[in-house]
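# Structure at a glance
Each chain, written out:
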Amino acid sequence: MIPFPLKFENRVKNDLFLGEELLTALNTETPTSVRLNPHKTKPNLPFQKEIDWCQNGYYLTERPSFTLDPLFHAGTYYPQEAGSMVLDSILRQLDLPEQPKILDLCAAPGGKSTLIASFLDNKGMLVSNEVINSRAKILRENLSKWGHTNVVVTNNDPEHFEKIPNFFDTIVVDAPCSGEGMFRKDPDARTEWTEDNVQLCAARQKRIVMDVWDSLKAGGYLIYSTCTFNEDENENNVEWLLNNLEAEIVSVELKEPIQKDRIQKGFYCIPGKTATEGFYIAVFQKIGKIPSFTSKFAYN
Ligand code: SAM
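A brief report on the enclosed structure follows. On a predicted model such as this, the values are computed, not experimentally measured, just so you know. (Residues numbered from 1 in each chain as written. Predicted model: local features only at pLDDT ≥ 70, side-chain atom pairs only at ≥ 80, totals over all residues. Heavy atoms only, no water.)

Moving on: the side chain of S128. Structurally, S128 can be placed in strand 6 (residues 125–129). Residues in contact with S128, not counting those within four places in the same chain, are D104, A107, S113, L139, L143, V151, V152, V153 and T154. (Helix = DSSP H or I, 4+ residues; strand = E, 2+ residues; numbered from the N terminus. Contact = heavy atoms within 4.5 Å.)

Written out as structure tokens, the structure reads:
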């Protein structure tokens, strides 16, 4: 087993919110879970139990070889870490129009986008975007397997979306992060972690949200998530965004063992407490007047 980065280990040991049990949990086996495609045949998988916070989400008793299973390639299910499936419960609590327009900004390989596509169930539109071209191709493949016609895959930088102001009802920013929550599933994440990278990620996350903020309608929701445990990329970014945007936190209900964050604004899935990898999520609502047509888009 690759050891934890020392600075990460010491930080967690001194963090009463996380506790040393997290380190123990990160050295145990990772739970396997899938989300079924409600429009396709039910696959024959070793189901264990339903996931409380996601329709069609299931834990499996073991990890089959998904890539050898034709029903995986047919898009009948998507192997997805259970913490990420909290998004389903959140989307179902939002006050959305009948035909919502949703942007999944950092979407590859497509876990959240396939979830959103099932949530929309062919209503409205999903723009599923990925900035890295090679990853956008994988995203496109996964979404075509999933099989909805109201989905557009794009390959844009977040700042390109400022050309469509006041457009989306919801934007999901599943931000690139330092990946502390993946230390169990992906041992390489342990070797790649540095304190400097945490700071780089935190700055990039703020920039990404600021870049797309204009394309969110007034009254629309921005769902921010990471798969990491540190305050800089989570709570501190949430506070910074609240101080720099016309936004407020939306109070959603998620049941124990999912827990409120250190500032009671977002939520964590913490391995050892939840049968998940590490996941953080917070929901903002844009306040303020619907902007008048003074954007670059209107005059181009
Ligand atoms: N949402 C995906 C899912 O559920 O399958 C996982 C997304 S992963 C956490 C973050 C994504 O952000 C990666 O696909 C990565 O390529 C992309 N990314 C990296 N740098 C970015 C940037 N500067 N702006 C936007 N996205 C970026």
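Time to look at the site of the ligand. Neighbouring the ligand are 17 residues; G111, K112, E130, R135 and D174 lie closest to it. Between the ligand and G110 there is a distance of 3.2 Å, counted from an oxygen atom to a backbone nitrogen or oxygen. Within the contact set of the ligand, an oxygen atom lies 3.0 Å away from a backbone nitrogen or oxygen of K112. Taking 600 Å² as the accessible area of the ligand by itself, protein coverage stands at 83%. Mapped onto the shell around the ligand, the elements with two or more residues apiece are helix 5 (111–120) and helix 8 (195–213). For the shell around the ligand, the residue count by class is ten nonpolar, two polar and five charged. (Near = heavy atom within 4 Å. Polar contact = N/O pair within 3.5 Å; in protein donor to acceptor, adjacent residues only side chain to side chain. Areas by Shrake-Rupley, 256 points an atom, 1.4 Å probe, with all protein chains shown as cover. Nonpolar A, V, L, I, M, F, W, Y, C, P; charged D, E, K, R; others polar.)

What follows covers unusual backbone geometry. In this structure, P109 follows A108 across a cis peptide bond, with omega equal to 5 degrees. As for its placement among the helices and strands, P109 is situated in the loop between strand 5 (101–104) and helix 5. Cis peptide bonds are those with omega within 30 degrees of zero, and the linkage from E256 to P257 qualifies with 10 degrees. Its location among the elements puts P257 in the loop between strand 10 (247–249) and strand 11 (259–260). For D121, which is not glycine, the phi torsion reads 50 degrees and is therefore positive. Relative to the helices and strands, D121 resides in the loop between helix 5 and strand 6. Taking relative accessible area as the criterion, D121 reaches 35% and is therefore assigned partly exposed. Unlike most non-glycine residues, Q264 shows phi in positive territory, near 60 degrees. (Buried < 20%, exposed > 50% of the residue type's maximum accessible area, 1.4 Å probe, protein only.)

Geometric descriptors of this kind do not, in isolation, establish any biological role.
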